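Observations on the three-dimensional arrangement
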Amino acid sequence: MWRVRRAAVACEVCQSLVKHSSGTKGSLPLQKLHLVSRSIYHTHHPTLKLQRPQLRTSLQQFSSLTSLPLRKLKLSPVKYGYQPHRNFWPARLAARLLKLRYLILGSAVGGGYTAKKTFDQWKDMIPDLSDYKWIVPDIVWEIDEYIDLEKIRKALPNSEDLAKLAPDFDKIAESLSLLKDFFTTGSPGETAFRATDPGSESDKRYRKVSDKEKIDQLQEELLHTQLKYQRILERLEKENKELRKLVLQKDDKGIHHRKLKKSLIDMYSEVLDVLSDYDASYNTQDHLPRVVVVGDQSAGKTSVLEMIAQARIFPRGSGEMMTRSPVKVTLSEGPHHVALFKDSSREFDLTKEEDLAALRHEIELRMRKNVKEGCTVSPETISLNVKGPGLQRMVLVDLPGVINTVTSGMAPDTKETIFSISKAYMQNPNAIILCIQDGSVDAERSIVTDLVSQMDPHGRRTIFVLTKVDLAEKNVTSPSRIQQIIEGKLFPMKALGYFAVVTGKGNSSESIEAIRDYEEEFFQNSKLLKTSMLKAHQVTTRNLSLAVSDCFWKMVRESVEQQADSFKATRFNLETEWKNNYPRLRELDRNELFEKAKNEILDEVISLSQVTPKHWEEILQQSLWERVSTHVIENIYLPAAQTMNSGTFNTTVDIKLKQWTDKQLPNKAVEVAWETLQEEFSRFMTEPKGKEHDDIFDKLKEAVKEESIKRHKWNDFAEDSLRVIQHNALEDRSISDKQQWDAAIYFMEEALQARLKDTENAIENMVGPDWKKRWLYWKNRTQEQCVHNETKNELEKMLKCNEEHPAYLASDEITTVRKNLESRGVEVDPSLIKDTWHQVYRRHFLKTALNHCNLCRRGFYYYQRHFVDSELECNDVVLFWRIQRMLAITANTLRQQLTNTEVRRLEKNVKEVLEDFAEDSEKKVKLLTGKRVQLAEDLKKVREIQEKLDAFIEALHQEK
């Protein structure tokens, strides 16, 4: 009886728990119920019968982003009854094991819930395109016209396929029933754990299976189910990526994407960039509005600009001039706070300190690059675009700070250069002058106010800004002085508006947000506002930026159409001038002319590779002989020919040829080949092309030629290979036939005749004109020439007496010649006698050698017999044959090196030089000059400016 009462009490507790939790979704966990109550009243009662759950069917279509429907178990009604005899330890063990079904069911439900949660996370990751509808192309909103969604829906699994992914509850129920039968066999509480159909054959068949195998089977089914879910997730993730790719990227199937419209301020900034390239010195009538920021050095210009741009974008320095060239900053509103340069595609994220540091460093590098050597500041403009949420649309130009004294390290003309740059920008009648004044110093020390008063005496386009007001209020004894500065009463400068701002506490690492908070806090507690010295709209950089932006756009609307008409007139004048001066030529600007010249140069380099091998060898052989002929005649042939016998001649020749080959000849050959290549390349580059020749390319071609030749270097291994080849060629003394013998004699005669002609010219210059020229051309000899002539005549008499005289005069011979001349009244010096003898003997020797050549024409027969039983010796002919053969072999080798290697390397150098010149705008301006080029450049720029202005005016009207 106590057991019955205890069970009743437990059931009442369970019922109260169930009623208390009836308002919550789901069921109370089984573990919280009483053990007896679990066994009697709940679904684990042995009288319960598990039925196959019915598949829920509905008309609902399931997509990849909806949760999967779960099967529901339909339980049979519970039969209550009193069980008189129970053993509770089997019930506890069975309840513990029966918790497996809750684990399995919980895993299945949890898997579905996890899948739904994952897809919800993916859906949240996709940005809400409703706020950025103006950015997203039209194809996104019209995607149903281009993509068959019905086909995609049909491709997705239907509800029945998805239902199959749910765990098989029949098998699970069957396995649980087997477990219950296993534990109730032979026990006193058999009726408490037996199913409603205890006598089935299947139950008896599975009773022999161990519980471990059944648990393994259930775990395997659970793992299989999870794998199915994972495959579905992967497939849906792939489909999601493809859909995003279709939306965010262009496809090549002809789908039209709407071009994103540029903002008004970006279009206007592009016009100013083109104008800056067109005329950096403002010589044209460029009256388009800009906000020109001027101020004394360290007055806080950069800080004001950074507060307006809401980022620390400019390099900073303590007391050092940091702004060395004008910086044009285009502010526009955008979803992300970024900055980028006009000529670069890199975006700097202004919310990251690393990108801010990189941006400041890049600006500093560009400034130093613009500054020429010997200067401190530069008029060249750096163009920067800054976009971010809440930024006011305008174009500001930050100018170098005005200085009063040139300090050490600055160029002497720095002060005048800064004044000229500031005046050039402020002279624009539509420029808005943002005059920055340091409030912490005396107003009388300001320089910029006088300059602004000169440029805008009536103050119709000037906005005055007083910075560092917190320091001024702290240091100035009379706050009314600040009011006088703000109102311009301390100096004669008028302005449209007066503003007071605070640009921080002087800490360069302070963030913009901290400065803005400090500024607002200061003005909230400042006496200037409390005593009504300043009005609320005259303080903070936020109010300043709003006022400047309004003034800027007002000025733009009033002046832009007038400027567009002005450029239309300029374009008409330039087109008329072009038609009158160059009616048959196209209007090619500098870049187009460079491309045309580049193609011509490359064609000429290609034609260099088409030179015939015969032509290469001829010019190489001729050039090499011209280079080495003097050494061969003077240092090899003449010393050897003046010996007494043939043996000494051959020995002297071999020694001198070996020394020459080892040291000088290969180097000379390479130099000749390199110079020949240069000459041929220059000939192709400078050769007129008839009517098609355009002399405007001459300077460019000459510069390309010189730079390419300068970069080209001959192969280092060429000399070593040439040395071996030349040495082997000079070692060969065998002349094979009469034709080679005659060619060697002809080559020797040409060489000796050329030397004889040079010698006769030298003698003629030494002794003066002969009697024919004196009578016919009325020329006379000088006193020195007369002395040389007398000496020559005396030396010729000596040679006639001894035609086999050696090459040098003896001392007694010099004395004899001198005394003979003195007897005729001619005073001579011994050195003059030696110089005259050298030329006289040289002419005598060359004439003798030429006569010997005529004798050797018939000497080939004696050469084959090695001059045995013959008085004729023609070793000099063999020498010139060796030289001639060496020249031919060397020319052939150099030609192979040229055609196989060096011409291609030169062509590669030319291409590299052209690529470098294409990137160097200054080089192109220097090399492509003239009225025609400048007129075409101006015409192109004016057309571009006019087109951009027209587009901007149209967009401006549409915005209205």
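In this report, the structure presented in the accompanying data block is examined. Residue numbers run consecutively from 1 along every chain, following the written order of its sequence. Predicted model: local features are reported for residues with pLDDT of at least 70 only, side-chain atom pairs are reported and counted for 80 or more only, and whole-chain, interface and lining totals are derived from all residues. The basis for every side-chain value is the complete set of heavy atoms in the structure, and neither hydrogens nor water enter the calculation.

1. Here's the deal with the pairing of strand β7 (residues 432–438)
Stated formally: Three labels apply to residues, based on accessible area from a 1.4 Å probe with only protein chains included: buried if under 20% of the type maximum, exposed if over 50%, partly exposed otherwise in between. The helix and strand labels rest on DSSP assignments: H or I over at least four residues marks a helix, E over at least two residues marks a strand, and numbering proceeds from the N terminus. Each pair of strands is called paired provided DSSP finds at least two bridges between the two strands.
In terms of burial, β7 is largely enclosed, as seven of its seven residues are buried. The alternating pattern of β7 places Ile-432, Leu-434, Ile-436 and Asp-438 and Ile-433, Cys-435 and Gln-437 on opposite faces, both of which are buried. Sheet analysis places strand β1 (residues 291–295) next to β7, joined by five bridges and oriented parallel. Bridge pairing in β7 links Val-291 to Ile-432. As defined by bridge partners, β7 adjoins strand β8 (residues 462–467) across six bridges and the pair is classed as parallel. Bridged to Ile-436 within β8 is Val-465.

2. Looking at the state of the cysteines
Where we set the bar: The criterion for a disulfide is a pair of cysteine sulfur atoms lying within 2.5 Å.
Taken as a whole and assessed by the stated rule, the structure comprises one disulfide. A sulfur-sulfur distance of 2.1 Å marks the disulfide that ties Cys-856 to Cys-874. The sign of the -100° torsion about the S-S bond sets the Cys-856-Cys-874 disulfide as left-handed. You can see Cys-856 sitting in helix α32 (residues 830–856) and its partner Cys-874 sitting in the loop between α33 (860–864) and α34 (875–919), a full 18 residues away along the chain. For the pair shown, Cys-856 and Cys-874 are each scored as buried.

3. A word on a negative patch on the surface
This is how it is decided: A patch consists of residues exposed above 30% relative accessible area that lack any salt bridge, with like charges linked at up to 9 Å and nonpolar side chains (Val, Leu, Ile, Met, Phe, Trp, Tyr) linked at up to 5 Å. Here the Shrake-Rupley method, with its probe set to 1.4 Å, supplies the accessible areas, and only the displayed protein chains count as covering residues. In the sections that follow, a salt bridge refers to a side-chain nitrogen of Lys or Arg positioned within 4 Å of a carboxyl oxygen of Asp or Glu. In this count, Lys and Arg are taken as positive residues and Asp and Glu as negative ones, while His and the chain termini are left out. The atom standing in for a charge is NZ when the residue is Lys, CZ when it is Arg, CG when it is Asp and CD when it is Glu.
Side chains of Glu-380, Glu-912, Glu-915, Glu-919, Asp-920 and Glu-922 sit close together on the surface and give a patch of like negative charge. It is α34 that contributes the most residues to the negative patch, three residues altogether. Looking at the element boundaries, Glu-912 is found in helix α34. What makes Glu-912 partly exposed here is its relative accessible area of 32%.

4. Side note on a positive patch on the surface
The grouping of Lys-699, Lys-710, Lys-923 and Lys-926 at the surface amounts to a positive patch. Contributing elements (two or more residues each) for the positive patch: α26 (698–711) and α35 (921–927). Here Lys-710 shows up in helix α26.

5. Here's the deal with the packing of aromatic side chains
Note the cut-off: When two rings of Phe, Tyr or Trp (its six-membered ring) have centres within 6.5 Å they constitute a pair, described as stacked for plane angles under 30 degrees, edge-to-face for angles over 60, and tilted for the intermediate range. Charge-over-ring placement is defined geometrically: NZ (Lys) or CZ (Arg) within 6 Å of the ring centre, and within 35 degrees of the ring normal.
Evaluated as defined, the whole model comprises 18 aromatic pairs. Through successive ring pairs, a cluster of aromatic residues spans Trp-625, Tyr-637, Phe-747, Trp-837, Tyr-841, Phe-845 and Phe-880. For Arg-393, the ring lying beneath its charged end belongs to Trp-553, and the centroid distance is 4.7 Å. One Lys or Arg, Arg-683, reaches over the ring of Phe-684 and ends 4.7 Å from the middle of that ring.

6. Thoughts on a nonpolar patch on the surface
Taken together, the side chains of Trp-771, Trp-775, Leu-776 and Tyr-777 define a hydrophobic patch exposed on the protein surface, amounting to about 620 Å² of accessible area. For Leu-776, the position within the fold is in helix α29 (residues 771–777).

7. Here we look at the environment of Ala-358
Threshold: Only heavy atoms matter for contacts: two residues are in contact if any of them lie within 4.5 Å across the pair.
Relative to the assigned elements, Ala-358 resides in helix α14 (residues 353–370). By relative accessible area, which is 24% here, Ala-358 ends up partly exposed. Along the chain, Ala-358 and Ile-313 lie 45 residues apart, while their C-alpha atoms are 9.4 Å from each other. Beyond its immediate chain neighbours, meaning those up to four positions away, Ala-358 contacts Arg-346 and Phe-348.

8. Description of the nonpolar core
One recurring pattern in soluble globular proteins is that nonpolar side chains are buried together. This is how the line gets drawn: What is meant by a nonpolar core is a set of buried Ala, Val, Leu, Ile, Met, Phe, Trp, Tyr and Cys residues, joined one to another through side-chain atoms within 4.5 Å.
Core analysis: the biggest nonpolar cluster contains 100 residues, and Tyr-637, Trp-660, Leu-677, Trp-741 and Ile-883 have the highest contact counts within it. Here the element with the most residues in this core is α34; it accounts for 17 residues. Counting residues in each nonpolar core, the second largest holds 68 residues, with Ile-265, Leu-305, Leu-350 and Val-386 among its members.

9. Here's the deal with the sheet that holds strand β6 (residues 394–398)
Quick reminder of the rule: The angle between two axes is taken between their N-to-C directions and runs from 0 to 180 degrees, where each axis is a line fitted to C-alpha atoms and a helix contributes only its stretch in contact.
Strand order in this open sheet of nine strands is β4-β3-β5-β2-β6-β1-β7-β8-β9, and the pairing throughout is mixed. Both outer strands of the open sheet, β4 (348–349) and β9 (497–500), are each paired with one neighbouring strand and no more. Helix α13 (residues 301–309) rests against β1, β2 (327–333), β5 (382–388), β6, β7 and β8 of the sheet, and its axis sits at about 160° to β6. Across the face of the sheet, α14 comes into contact with β2, β3 (338–341), β4 and β5 while running at roughly 160° to β5.

10. Structural notes on the packing of helix α23 (residues 613–641) against helix α25 (residues 665–686)
For the record, the criterion: For classification purposes, an angle smaller than 35 degrees is called roughly parallel, one larger than 145 roughly antiparallel, one from 65 to 115 roughly perpendicular, and anything else oblique. Two helices that cross are described as forming a left-handed crossing if the nearer one is turned anticlockwise from the farther one by less than a right angle, and a right-handed crossing if clockwise. Residues are grouped as follows: nonpolar covers Ala, Val, Leu, Ile, Met, Phe, Trp, Tyr, Cys and Pro; charged covers Asp, Glu, Lys and Arg; every other residue, Gly included, is treated as polar.
Running from N to C, α23 and α25 cross one another at 125°; their axes reach a closest spacing of 9 Å. Between α23 and α25, the interaxial angle falls into the category oblique. Crossing handedness for the pair α23 and α25: right-handed. Listed contacts from α25 to His-615, Trp-616, Ile-619, Leu-620, Ser-623, Leu-624, Arg-627 and Val-628 of α23 are Leu-665, Lys-668, Ala-669, Glu-671, Val-672, Ala-673, Glu-675, Thr-676, Leu-677, Glu-680 and Arg-683. When the residues that make up the contact of α23 with α25 are grouped by side-chain class, the tally is 10 nonpolar, three polar and six charged.

11. A few points about the side chain of Ser-378
Selection rule: Nitrogen and oxygen atoms within 3.5 Å of one another constitute a polar contact, given that in protein one can donate a hydrogen and the other can accept it, and given that sequence-neighbouring residues count only through two side-chain atoms.
When you line up the elements, Ser-378 lands in the loop between α14 and β5. On the basis of relative accessibility, which here comes to 3%, the residue Ser-378 falls in the buried class. Here the side chain of Ser-378 touches Glu-380 through a polar contact of 3.2 Å, landing on its backbone nitrogen. Those residues in contact with Ser-378 that lie beyond four places of it in its chain are Arg-324, Ser-325, Pro-326, Asn-370, Val-371 and Ile-421.

12. Quick look at the pairing of β5
Extensive coverage of β5 is indicated by the burial of six of its seven residues. Judged from the four bridges that link them, β3 and β5 form a sheet pairing that is antiparallel. Looking across to β5, one finds that Phe-341 is bridged to Leu-384.

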